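So the chains spell out like this:
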Amino acid sequence: MAAGTSTPKTRRSTAEAMAKGQRDISVSEFFAKNKHLLGFDNPRKSLLTTVKEAVDNSLDACEEAGILPVIWVQLEPTQSGRYRVSIQDNGPGIVKKQIPLIFGKLLYGSKFHRLRMSRGQQGIGISAAGMNGMLTSGQPVKIVSKVSVRKPAHYFELQIDTKKNQPEIINGKGDGIDIPAGEKGRQYIEKAGIAWETVIPQEDGTSEDVTHGTRVTIELAAIYKKGRGSVDEYIEQTAIANPHITVHYIDPDGAKRSYWRSTTELPAEAKEIKPHPYGVELGHLMAMMSADSVNTVGQFLQSSFSCVTPAVARRICEAAGISSRVTTKKIGRDEADKVFHAMQEANIRPPATDCVVPIGQGLLLKGISTVVPGEFYAASSRPPAVYRGNPFIIEVALAYGGGPQTHAITRDEMNELIGQTDARTLRRFLMDTFNGVGSDGADKIMKQAGLKTRKSPANLTTKERLALHDALQNVSISEGQSMQVMRFANRVPLQFQAGACAITQAVMSMNWRSYGLTQSRGNLPNGPVSVMVHVASVWVPFTSESKEAVANYPEIEKELRLSLQFVGRKLGMFLRRRQRVKQEGERRSVFLRYLGEVAQAVHGMNGCNTQEVYDNLLEVAKKKTAEADVVLDERGKVIQDESELDLGEGVLIVDNAAKTVPAVDAAVKPAAAEEETAEEDEAVEQGDLFDA
Ligand SMILES: Nc1ncnc2c1ncn2[C@@H]1O[C@H](COP(=O)(O)OP(=O)(O)OP(=O)(O)O)[C@@H](O)[C@H]1O
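Residues numbered from 1 in each chain as written. Predicted model: local features only at pLDDT ≥ 70, side-chain atom pairs only at ≥ 80, totals over all residues.

As recorded by an unreviewed UniProt entry, the protein chain carries the name Type 2 DNA topoisomerase 6 subunit B and is attributed to Rosistilla carotiformis. The UniProt entry for the protein chain carries the following text under Catalytic activity (unreviewed entry): "ATP-dependent breakage, passage and rejoining of double-stranded DNA." In UniProt, the protein chain has this text filed under Sequence similarities (unreviewed entry): "Belongs to the TOP6B family." (UniProt positions renumbered as here; feature names shortened; annotations may be inferred.)

Below you can see the structure in the form of structure tokens.
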């Protein structure tokens, strides 16, 4: 063999030998090996993903059935590194024969084949969570489901045969157990130790019986931690984006928290639509045509796509050079290609948008203002747009002001967070745990506490912990604080892969300096500001099956930019006005400090009436600094003068900072001016008199 030939003398294997190893791969085997693709890449995230998959399903099911959702979430430690997750809802329940398939077979669901806005879309979430539980704890998934008060409930213990992607029922001799309705069933549940909430507590202290719903219990290897990316954060953010839900949450320490709904109005029902011709790909069109094979091409186009009228179908066929009366069976590859191109070039109206239901400007404001402390809020809900034929809506809410998370923390909470962290350095701990604490903020806190950057949180002494807590509460990090971005897709919080998400990228690429915030190029802006961005669509383009980040489609990027600019402009107007009011207030303070003295001096020079001079000077000062009297109402409208600031719709001002200027009548009178004390001097320097 000549040197350099690519065929060696002896081959290691032959095509025949290799063929022996080539076989089907079951979808569950694939995902069991690639758990990270579904969000089970580490024990902490596995816990969150499990909760999320079950809660999202519960909310989808309740809303689809027109039921105001009540969800119970319980996390219980079972042994070291293991937790039992139980989620129950008051939804419609699941019929008996579907339960094993839903929880014991990957890629089985009701949402994949329809184009309608829902949290779930792939048909993989809950079965994958069950499979991960089974693989890491050896325990089956337990399901209780009840569809009506009169019918028996069903109880299943299931596992997945990953080789076949099929469910295995392990209780009731492979058939599950039926629990009779009524009192008998209640006694049976109690005796068998099956967990099931029987009453729905109401906020006013009354309660109702649970007559239908589903409870899923999964045990898994997991780590529970509070802070960013935690189950606690997920539940809190879910409550912001879903003001119509009530959640009762028990954390692993047994602490109970209830998030009560703030509206009893269910979101409008999302309509199902057919795909839009602009969104289809050639291969998909060919598959649809071969699956049809009975209709004429004209009928096929009208019945399979939205917005295709008889006239549009005719035009597409004409442009493709085929008869609209030929049956789809006779359409070959070349003709399909021509139809495809004709569809893309035809002038077709955009799809109907009632398949996407926004949260709405009012509820966005309500949601963000109840959970994020602040003094100024703005929200934008844009009209629907379309990417790849899929309608979508972008909504943005912004909160400004309010103390940072670090100021509200108790010593016990801080110690708990330190106990749970796996951060090696204190700096990393601060940055990972508290929203808005960037590297500058972390440095400031450590400097104030007199602690070294590389200090390990685990080694902090009691004295150091006290100093750290003190610093957390007192250091103002609003300058170095970076914007907190809360991302949502179809009302579900996205807590991981922020950097890969079109939402974060859109926020970072904006110039927030023109809206009064500081920002270094390509970074998140700084300041006590949070934004919540919601992408609602019939099909959210996630970057992976774990549904953590939204993909970059130019149409989505454009809508994101426009929505962010909308709230940014309102923030800019508010901050500019507040700045002007503050400056005028400062000027007035200076005037007021010297009016008394000037009046006295004039009196000394020409003997005129001190009070008269003072009153005249006061009148001038009042006029010159009139802007300091501006007061904005809660929608940002000026209510004390006819000045031009009108922040329009979608604005809420809670703590009207614009009001904090000295009232002229309460200002220092001539006599008092003579008795100015050092204390007052200091107060003026620090601007405290503005709060008079
Ligand atoms: N609590 C529940 N109540 C009623 N139906 C449910 C419940 N949980 C799941 N289902 C049904 O089971 C199906 C499969 O759920 P699964 O979580 O596997 O996928 P999905 O929600 O459709 O999509 P995704 O994989 O994106 O979450 C759902 O489509 C729904 O029809």
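Back to the write-up after that little detour.
Asks: Talk me through unusual backbone geometry; I want residue IDs and the actual numbers.
Replies: Of note in the backbone geometry, Arg-388 takes a positive phi value of approximately 40° without being a glycine. If you trace the backbone, Arg-388 turns up in the loop between strand 13 (385-387) and strand 14 (390-400). Given 15 C-beta atoms within a 10 Å radius, Arg-388 is considered partly exposed. Phi angles above zero are rare outside glycine, and Lys-547 is one such case at about 50°. (Helix = DSSP H or I, 4+ residues; strand = E, 2+ residues; numbered from the N terminus. Buried ≥ 20, exposed ≤ 12 C-beta atoms within 10 Å, placed from the backbone.)

Asks: Explain the site of the ligand to me, using residue names and the numbers behind them.
Replies: For the ligand, the set of nearby residues contains 20 residues, the closest of which are Asn-57, Ala-61, Gly-109, Gly-120 and Gly-125. Contributing elements (two or more residues each) for the shell around the ligand: helix 3 (43-64) and helix 5 (125-137). Top contributing element to the shell around the ligand by residue count: helix 3, with four residues. Among the residues making up the shell around the ligand, the classes are represented as five nonpolar, 12 polar and three charged. (Near = placed C-beta within 6 Å. Nonpolar A, V, L, I, M, F, W, Y, C, P; charged D, E, K, R; others polar.)

Asks: Describe the pairing of strand 10 (residues 246-250), and please don't skip the residues or the numbers.
Replies: Sheet analysis places strand 1 (residues 70-79) next to strand 10, joined by five bridges and oriented parallel. Pairing of Val-73 across the sheet is with Tyr-249, part of strand 10. Note that strand 10 and strand 11 (residues 256-259) share four bridges and pair antiparallel. Bridge pairing in strand 11 links Val-247 to Tyr-259. (Pairing = 2+ DSSP bridges.)

Asks: Lay out helix 19 (residues 554-606) with the relevant residues and their values.
Replies: Relative to the 78 Å expected for 53 residues at 1.5 Å per residue, helix 19 spans 74 Å between its end C-alpha atoms, a close match to the ideal helical length. Along helix 19, the largest kink reaches about 35° and is centred on Leu-595. At the C-terminal side of helix 19, Gly-607 shows a positive phi close to 70°. (Expected span 1.5 Å × (residues − 1). Bend = angle between axes of the 7 residues up to and from the residue.)

Asks: Which residues make up the packing of helix 8 (residues 282-292) against helix 11 (residues 333-345), and what are the values?
Replies: Direction vectors running N to C along helix 8 and helix 11 enclose 120°, while the axes themselves pass 10 Å from each other. Here helix 11 runs oblique to helix 8, going by the angle between their axes. Here the hand of the crossing between helix 8 and helix 11 comes out right-handed. Two secondary-structure elements touch here, helix 8 through Leu-282, Leu-285, Met-286 and Met-289 and helix 11 through Arg-333, Ala-336, Asp-337, Val-339 and Phe-340. (Axes fitted to C-alpha atoms, helices over the stretch in contact; angles between N-to-C directions. Parallel < 35°, antiparallel > 145°, perpendicular 65-115°, else oblique. Left-handed = near helix turned anticlockwise from the far one by under 90°. Contact = placed C-beta atoms within 7 Å.)

Asks: Account for the confidence of the model for the protein chain, naming residues and giving values.
Replies: For the protein chain, the mean per-residue pLDDT works out to 84, and 89% of the residues sit at or above 70. Note that pLDDT drops below 50 for residues 656-692; the model gives that stretch 52 contacts with residues more than four away or on any other chain. (pLDDT = per-residue confidence, 0-100.)

Asks: So what's going on with helix 16 (residues 439-449)? Which residues, and what values?
Replies: Helical geometry note: an α-helix holds 3.6 residues per turn, so side chains three or four residues apart project in the same direction. Taken as a whole, helix 16 has its buried residues at Gly-441, Ala-442, Ile-445, Met-446 and Ala-449. What you see down the axis of helix 16 is that its buried residues fit within an arc of 130°, all on one side. On its buried side, helix 16 packs onto helix 15 (426-433) and helix 17 (462-474). At the exit of helix 16 stands Gly-450, carrying a positive phi of roughly 70°. (Arc of directions from axis to C-beta.)

Asks: I'd like a description of the nonpolar core, backed by residues and values.
Replies: In terms of nonpolar packing, the biggest core is built from 115 residues, with Val-51, Tyr-377, Val-396, Leu-398 and Ile-503 touching the most fellow members. Sequence-distant contacts of Leu-398, that is, excluding residues within four places in its chain, are made with Tyr-377, Ala-378, Val-529, Val-531, Val-567 and Leu-571. Core analysis: the next-biggest nonpolar cluster, separate from the first, contains 18 residues, Leu-285, Phe-300, Ala-336 and Ile-348 among them. (Core = buried A, V, L, I, M, F, W, Y, C linked by C-beta atoms within 7 Å.)

Asks: Outline the pairing of strand 4 (residues 153-161), listing residues and values.
Replies: Most of strand 4 is tucked away, with seven of its nine residues classed as buried. Between strand 3 (residues 141-146) and the antiparallel strand that follows it, strand 4, lie six residues. Both strand 4 and strand 6 (residues 177-179) contribute to a ladder of three bridges, which runs antiparallel. Pairing of Ala-153 across the sheet is with Ile-179, part of strand 6. With four bridges connecting them, strand 4 and strand 5 (residues 166-169) associate as antiparallel partners. Counted as the bridge partner of Leu-158 is Ile-169 from strand 5. Taking the residues between adjacent antiparallel strands as the criterion, strand 4 and strand 5 are bridged by four residues, where Asn-165 takes a positive phi near 55°.

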